[in-house]
Amino acid sequence: IDTCIVGDASTCDQGQHETCRTEQGVSSCHCRPGYARRKHREPCRRIISVLVAMKVARVYDQPSPWTEDLLDSNSDDYLQMEWEANKAIDSAMSMTPYSDDFLGSRINSFKKINGKDMIVNATLEIIEGGGPLDGDRLQNHLIGVIRRRRNNIGDSALWVDSPEGAISPIMDLDECSDPSLNDCSVHADCTNVFGSFRCKCHDGLRDPALPFGVLSTRDSPLGPEEERRIGRRCDTCSPQVHCMSRGTCNYRKTGEVTCTCTGNFYGAQCEVDGEVVGVAVGASVAALVIIVLTLVFLCMW
């Protein structure tokens, strides 16, 4: 059992892009969002995640596969259909040119259509290659598999009435719409891109994934692996350390710390107390006036 501590990244292999997650009551190391693998001990690979929907007409000889229990992800019917759907997708993908790059699928939901047919909504995880995924080409290959298999989705228990319309156009998965689909820091902005997502720390925060003094990849181009680390951790500077607890601090674009002082404090680190300075200056001026008046009266006398 590969146990780990949720929230403590050091308990999993960071070099393998792992993170600790709890599933079915067991905490273990899984690939972090944007990565996947076929088997638990294999290294996590960068992936493209896309959505696909399949219209299923029957399971084995059962003419209508839909039951209301398919709305409950914890029901036996849902778990059984989830297994059958994943097996069907895996079988169909193995018969396409994407077989070597396909890592797996996740079933998102089941939905009834036309009163009898069932729509299977799933996420496909495909190894990121040299260029963008051609969604139309992938859809055509899956339809071709169903046509060659005479309406069978791969070599599985799921069947369709006709290859035409059985597979929806391949769509992008918006990882930013669900916190569980991305690992951006709570202090970062998530931007969805086709097949993946990007993170960027909020203005005024420091990103340890970027070289010191650099707050944007435009200033210092990074490799794909380094870019996947950006925005996952966003550090704030300590007002106690940098501003003597007398204001707030932020990081400039150059990486330097700047303080915004509160109250009567000012200076680069809010080290000057304006009230004390005011009292000291006022006392000095009063003393100078007294001295001058004393000298004037002495001279007159």
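Remember, predicted model here, so these are calculated numbers, not experimental data. Numbering of residues starts from 1 in each chain and follows the order in which that chain's sequence is written. Residue-level local features of this predicted model are given only where pLDDT is at least 70; pairs of side-chain atoms are given and counted only at 80 or more, and the full residue set underlies all totals for whole chains, interfaces and linings. Excluded from the side-chain calculations are hydrogens and water; all other atoms, namely the structure's heavy atoms, are used.

Our focus in this paragraph is the overall build of the protein. Starting at the N terminus, helices and strands are each numbered in turn, a helix being any DSSP run of H or I of at least four residues and a strand any DSSP run of E of at least two. Secondary structure summary: the protein contains five helices and 15 strands in total. Atoms considered for the radius of gyration are the C-alpha atoms alone. The globule rule reads 2.2 Å times the number of residues to the power 0.38. Scaling as 2.2 N^0.38, a compact globule of 301 residues should have a C-alpha radius of gyration of about 19 Å, whereas the protein reaches 31 Å, well beyond that. The C-alpha extent of the protein, read off along each of the three principal axes, is 125 × 40 × 40 Å. Exposed residues in this analysis have more than 50% of their type's maximum accessible area, buried residues have under 20%, and partly exposed residues fall in between, with area computed by a 1.4 Å probe over protein chains only. Counting all 301 residues of the protein, 37% fall into the buried class. The contact rule is simple, with two residues in contact once any of their heavy atoms fall within 4.5 Å. Within the protein, contacts between residues at least 6 apart in sequence are counted, and of these 51% link residues at least 24 apart. Values of accessible area rely on a 1.4 Å probe in the Shrake-Rupley scheme; residue burial ignores everything except the protein chains shown. Here the protein has roughly 17400 Å² of accessible surface; of this, 54% comes from carbon and sulfur atoms. As used throughout, the charge tally considers Lys and Arg to be positive and Asp and Glu to be negative, leaving His and the chain termini uncounted. Every charge is mapped to an atom, namely NZ of Lys, CZ of Arg, CG of Asp or CD of Glu. Charged side chains of the protein number 31 positive and 42 negative; the gap between the two group centres comes to 5 Å.

A separate point is the pairing of strand β6 (residues 102–113). Note: β6 against strand β7 (residues 117–127), 10 bridges, orientation antiparallel. The residue bridging Ile 113 from the neighbouring strand is Asp 117, located in β7. By definition, two strands form a pair when at least two bridges between them are found by DSSP.

With that settled, consider the state of the cysteines. Counting rule for disulfides: a pair of cysteine sulfur atoms within 2.5 Å. If you walk through the whole model with that rule in mind, you get eight disulfides. With its sulfur 2.1 Å from that of its partner, Cys 31 forms a disulfide with Cys 44. On the S-S bond that ties Cys 31 to Cys 44, the torsion sits near -90°, and the link is left-handed. With Cys 31 in strand β2 (residues 26–31) and Cys 44 in the loop between β3 (35–36) and β4 (45–56), this pair connects stretches of sequence that are 13 residues apart. Across the pair, Cys 44 and Cys 31 agree in class, each one buried. The disulfide partner of Cys 184 is Cys 199, and the S-S distance across this bridge is 1.9 Å. Taking the sign of the torsion about the S-S bond as the criterion, the disulfide between Cys 184 and Cys 199, at about -75°, is left-handed. Pair noted here: Cys 184 is in the loop between β9 (171–172) and β10 (188–193) and Cys 199 is in strand β11 (residues 196–201), with a separation of 15 residues, a long-range link. Given a relative accessible area of 15%, Cys 184 falls into the buried group.

This brings us to the packing of aromatic side chains. The aromatic pairing rule takes the rings of Phe, Tyr and Trp, using the six-membered ring of Trp, and pairs them if the centres are within 6.5 Å, calling planes under 30 degrees apart stacked, those over 60 edge-to-face and the rest tilted. The tally for this structure, following the rule as stated, stands at one aromatic pair. Note on Tyr 78 and Phe 110: the rings are 5.0 Å apart at their centroids and 75° apart in plane angle, and the pair reads as edge-to-face. Pair noted here: Tyr 78 is in helix α1 (residues 76–93) and Phe 110 is in strand β6, with a separation of 32 residues, a long-range link. Judged on exposure class, the residue Tyr 78 and its partner Phe 110 are both buried. For the cation-ring pair, Arg 228 lies above Tyr 35, with the distance from its terminal atom to the ring centre recorded as 5.5 Å. Think of it as a cone above the ring: NZ of Lys or CZ of Arg counts as a charge over the ring if it is within 6 Å of the ring centre and within 35 degrees of the ring normal.

The side chains of a regular strand alternate between the sheet's two faces. Pairing analysis gives six bridges linking strand β1 (residues 18–23) to β2, with the strands arranged antiparallel. Its bridge partner being in β2, Cys 20 is matched across the sheet by Cys 29.

The analysis is restricted to geometry; functional conclusions fall outside its scope.
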